[in-house]
Amino acid sequence: MAEISAELIARITAAGQQHVLRFFDELSYDDQENLKSQLEAVNWESLPALAAEYVVKRPETAIPDDLAPAGYFRISDAGMAKRYAEADARGIELLKQGKICCLTVAGGQGTRLGFDAPKGTYPIGPVSNRTLFEYFASSILRLSEKYNCSIPWYIMTSPINRAATENFFKAHNFFGLAEKDLFFFTQGTMPAFGLDGKLLMSSKSSLALSPDGHGGTLLALRRSGALDKMKQDGTEIVSYFQVDNPLVPVVSPRFAGLLALENAEVGAIVLSKTGPFEKLGNFCMSCGRTMIIEYSDLPAELAEKRNADGSLQYSAGSPAIHVFSRNYIERLTAGNSLQLPWHRADKKIASINDAGELCTPADNNGVKLESFIFDALPLAEKVILFEGDRNELFAPTKNLTGVDSVESCRRMISDRNARRLAACGVDIPRNADGSCNAEIEIDPRLVCDDADAAALVAATGLKAILPGQKVAL
């Protein structure tokens, strides 16, 4: 029989959570060891305060009195042309020196897409059905070839999809990438609470655990050894993006170069919001610090507030595309800890009752706590915000149809390719509303920017796309 130390039992009891040991004596040795390891990983001293602040009562986001819209570098600013050229050169120099890596948050499953596998394995290509992971891998390969460099790729999984993700890469021979340049690591977990503040258990031998949110990425980098590897490799800048957005530039030389030139610790891409209530976090300023106020927390009177020309005052939305300096991540996670605020999510959580029977609730019965990576922004000494063109870099795949869906993502992939080909003189068929009347997919292994597209058109002699045609280049 496995033994739990008296010290751990005392900590659990002091937290008022002794019910988690209710079935311990009737478990097998392996199950006891499993539960014991979970219990040892919990910060029991912090639980009472977490339950009181985030579970028993519903926390409210305090809006600072001095809140103001954040300023940012505009994508089309003639006065910045020289600075952007310098940023391009610096970013390319950093790439060639091997000082930039990619970081993908890929802990999600494709459940909302009707897909029972890691979301990164979802076939998103409108013609080829290439997966999200293949899009990123091919883009990394193209950049590596273009700038004669090595670009390490760090992929954060969740406990439930780590093995499936690694097996997928192995089955596809790592999509041509060197295995040594790939680093898989797992994000942390948080136990779920019942509405009374008591921890829920998914079985007699396991707490009800869930991923701790993308805010846990930075600490997971340190605890997994990834941060040590970055330092050993000479990595200075980390290009961060989420797995559901195939249009994202895996590395933007201009964005990374601007971070370096401005001596900033964090950079964030800004999108101009489509309306006051678009589901993007809002970039704001308070006490001289950059922060994001979630779309659900920004009061309507602020969300709808307009400038004299009719434009939204709070127009800067976040697509969760960042660059971080490695030194900043090291500073923030020093001491193997990271203090970010938690965010509450009410959920239906399957859990056992007092008799040890698993119950699946019809209504929300519990709370999951997550940390968000954007809460690291106010902790940075300097943040740069850089405007992006959503048609070029933002096509999230969150639903099967409708807004931010597989449907819209595939259309945006095709539309971006159509724009690139049209700029090279290729005749593109159009519908009456001006949209592309074809499905066009260009292999990201061949094209990562407009210059590559021009070279491809010149090499293939492509002149026109036919109406309704499915084209894979």
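Residues numbered from 1 in each chain as written. Predicted model: local features only at pLDDT ≥ 70, side-chain atom pairs only at ≥ 80, totals over all residues. Heavy atoms only, no water.

1. Focus: the overall build of the protein
Here is the rule we go by: Segments assigned H or I by DSSP are reported as helices when at least four residues long, segments assigned E as strands when at least two residues long, and all are numbered from the N terminus. It is over C-alpha atoms that the radius of gyration is taken, and the globule rule equals 2.2 Å times the number of residues to the power 0.38. Accessibility here uses a 1.4 Å probe with only protein chains present; expressed as a share of the type maximum, an area under 20% marks a residue as buried, one over 50% as exposed, and anything in between as partly exposed.
Scanning the protein from N- to C-terminus turns up 14 helices and 22 strands. Taken over C-alpha atoms, the radius of gyration comes to 24 Å for the protein, in line with the 23 Å a tight globule of 473 residues would show. Taken over the C-alpha atoms alone, the protein extends approximately 75 × 55 × 50 Å along its principal axes. In the protein, buried positions account for 52% of the 473 residues.

2. Concerning helix H13 (residues 406–423)
How we decide: Multiplying one less than the number of residues by 1.5 Å gives the expected span of a helix. Note on contacts: a residue pair is in contact if any heavy atoms of the two residues lie within 4.5 Å. Think of a polar contact as two N or O atoms within 3.5 Å of one another; within protein, one of them needs to be a possible hydrogen donor and the other a possible acceptor, and neighboring residues in sequence only count if both atoms come from side chains.
In a regular helix each residue adds 1.5 Å, so 18 residues correspond to 26 Å; H13 covers 26 Å between its end C-alpha atoms and thus fits that length. Residues of H13 that are buried in the fold lie against helix H5 (132–146), helix H12 (390–393), strand E21 (439–441) and helix H14 (450–460). The opening residue of H13, the one whose side-chain oxygen lies 3.3 Å from the backbone nitrogen of Glu407, is Ser405.

3. Quick notes on the packing of helix H4 (residues 81–96) against helix H9 (residues 253–261)
So the rule is basically this: For helices, the axis comes from a line fit to the C-alpha atoms of the stretch in contact; other axes are also lines fit to C-alpha atoms, and the angle between any two N-to-C directions lies between 0 and 180 degrees. Just so you know how the angles are binned, under 35 degrees is roughly parallel, over 145 roughly antiparallel, 65 to 115 roughly perpendicular, and the rest oblique. Under the convention adopted here, Pro, Cys and the residues Ala, Val, Leu, Ile, Met, Phe, Trp and Tyr are nonpolar, Asp, Glu, Lys and Arg are charged, and Gly plus all remaining residues are polar.
With their axes 7 Å apart at the nearest point, H4 and H9 run at an angle of 100 degrees to one another. In terms of orientation, H4 and H9 fall into the roughly perpendicular class. Contacts between H4 and H9 pair Arg83, Tyr84, Glu86, Ala87, Asp88, Arg90, Gly91, Ile92, Leu94 and Leu95 from the former with Pro253, Arg254, Ala256, Gly257, Leu258, Ala260 and Leu261 from the latter. Residue composition of the contact of H4 with H9, grouped by class: 10 nonpolar, 2 polar and 5 charged.

4. A short note on helix H8 (residues 226–233)
To keep it simple, the criterion reads: Within this analysis, the arc is defined by the directions that extend from the helix axis to the C-beta atoms.
Of all the residues in H8, the buried ones are Ala226, Leu227 and Met230. For H8, the angular spread of the buried residues around the axis is 100 degrees, confining them to a single face. Away from its buried face by more than 90 degrees, H8 exposes Asp228, Lys231 and Gln232. Those residues of H8 that are buried are in contact with strand E2 (100–105), strand E3 (153–157), strand E4 (182–186), helix H7 (217–224), strand E10 (237–242) and helix H11 (326–332). In the stretch just after H8, Gly234 is the one whose phi turns positive, near 85 degrees.

5. Remarks on the nonpolar core
How we decide: Definition used in this section: a nonpolar core is a set of buried Ala, Val, Leu, Ile, Met, Phe, Trp, Tyr and Cys residues joined via side-chain atoms within 4.5 Å.
Core analysis: the largest hydrophobic core is formed by 58 residues, its most contacted members being Phe133, Trp153 and Phe169. Counting residues per element, this core draws most heavily on H5, at 8 residues. For Phe133, the residues in contact, after removing those within four places along its chain, are Ala106, Gly120, Thr121, Trp153, Ile155, Thr165, Phe168, Phe169, Phe175 and Val243. Residues Leu103, Leu218, Phe372 and Val383 belong to the second largest nonpolar core, which totals 38 residues.

6. Comments concerning unusual backbone geometry
In this structure, Asn129 is a non-glycine residue whose phi angle is positive, near 65 degrees. Residue position: Asn129 is located in the loop between E2 and H5. Exposure remark for Asn129: the relative accessible area of 45% places this residue in the partly exposed category. Its identity as a non-glycine residue notwithstanding, Asn173 has a phi of 55 degrees, on the positive side. Mapping Asn173 onto the fold places it in the loop between helix H6 (162–171) and E4. Given the relative accessible area of 57%, Asn173 is considered exposed.

7. So, the state of the cysteines
Throughout this description, disulfide means a covalent bond between two cysteine sulfur atoms. Threshold: For this text, the term disulfide refers to a pair of cysteine sulfurs within 2.5 Å.
In this structure the tally under the stated criterion is 0 disulfides. Cysteine Cys448 shares no disulfide, and the gap to the nearest cysteine sulfur, in Cys149, comes to 11 Å.

8. Let's talk about the side chain of Arg142
Structurally, the position occupied by Arg142 is in helix H5. Here the side chain of Arg142 touches Glu145 through a polar contact of 2.5 Å, side chain to side chain. Beyond its immediate chain neighbours, meaning those up to four positions away, Arg142 contacts Pro444, Arg445, Leu446, Val447, Cys448 and Asp452.

9. A short note on the sheet that holds strand E16 (residues 343–347)
Hydrogen bonds along the backbone pair up the strands of a sheet, which may run parallel or antiparallel. Stated formally: Any two strands are treated as partners once DSSP identifies two or more bridges connecting them.
Pairing within the open sheet is antiparallel, and its 3 strands lie in the order E6-E19-E16. Because the sheet does not close on itself, it has two edges, and the strands there are strand E6 (193–194) and E16. Relative to strand E19 (residues 366–370), E6 is paired through 2 bridges, and the arrangement is antiparallel. By the bridge assignment for E19, Phe193 is matched with Val367.

10. Looking at the pattern of salt bridges
The condition that has to hold: Whenever Lys or Arg places a side-chain nitrogen within 4 Å of a carboxyl oxygen from Asp or Glu, that contact is recorded as a salt bridge.
On inspection of all chains with the given rule, the structure shows 31 salt bridges. A salt bridge links Arg83 to Glu262; the shortest N-O distance between them is 3.2 Å. Within this pair, whereas Arg83 is found in helix H4, its partner Glu262 is found in the loop between H9 and strand E11 (266–272), the two being separated by 179 residues in sequence. Taking the relative accessible area as the measure of exposure, Arg83 reaches 25% and is therefore partly exposed. Residue classification places Glu262 among the buried residues on the basis of a relative accessible area of 17%. A salt bridge links Arg130 to Glu134, with the nearest nitrogen and oxygen atoms 3.9 Å apart. We classify Arg130 as buried; its relative accessible area is 11%. Each of Arg142, Glu145, Lys146, Arg445, Asp449 and Asp452 takes part in salt bridges that share partners, so that together they form one network.

11. A few points about the environment of Tyr147
For Tyr147, the location among the structural elements is in the loop between H5 and E3. On the basis of relative accessible area, Tyr147 is assigned to the buried category, the value being 12%. Placed 154 residues apart in sequence, Tyr147 and Glu301 show a C-alpha to C-alpha distance of 48 Å. Excluding its chain neighbours within four sequence positions, the residues that come into contact with Tyr147 are Ile92, Leu95, Lys96 and Pro253.

12. Topic: the side chain of Ser414
Its place among the elements puts Ser414 in helix H13. Looking at Ser414, the relative accessible area reads 4%, which means it is buried.

13. Structural notes on the pairing of E2
Burial within E2 is extensive, with 6 of its 6 residues counted as buried. Covered by surrounding structure in E2 are Ile100, Cys102 and Thr104 together with Cys101, Leu103 and Val105, the residues of both alternating faces. Examined bridge by bridge, E2 and E10 share 6 bridges and lie parallel to one another. Bridging across to E10, Thr104 finds its partner in Phe241. Pairing geometry for E2 and E3, over 4 bridges, is parallel.

Note that every value here comes from positions in space, so none of it alone points to a role or purpose.
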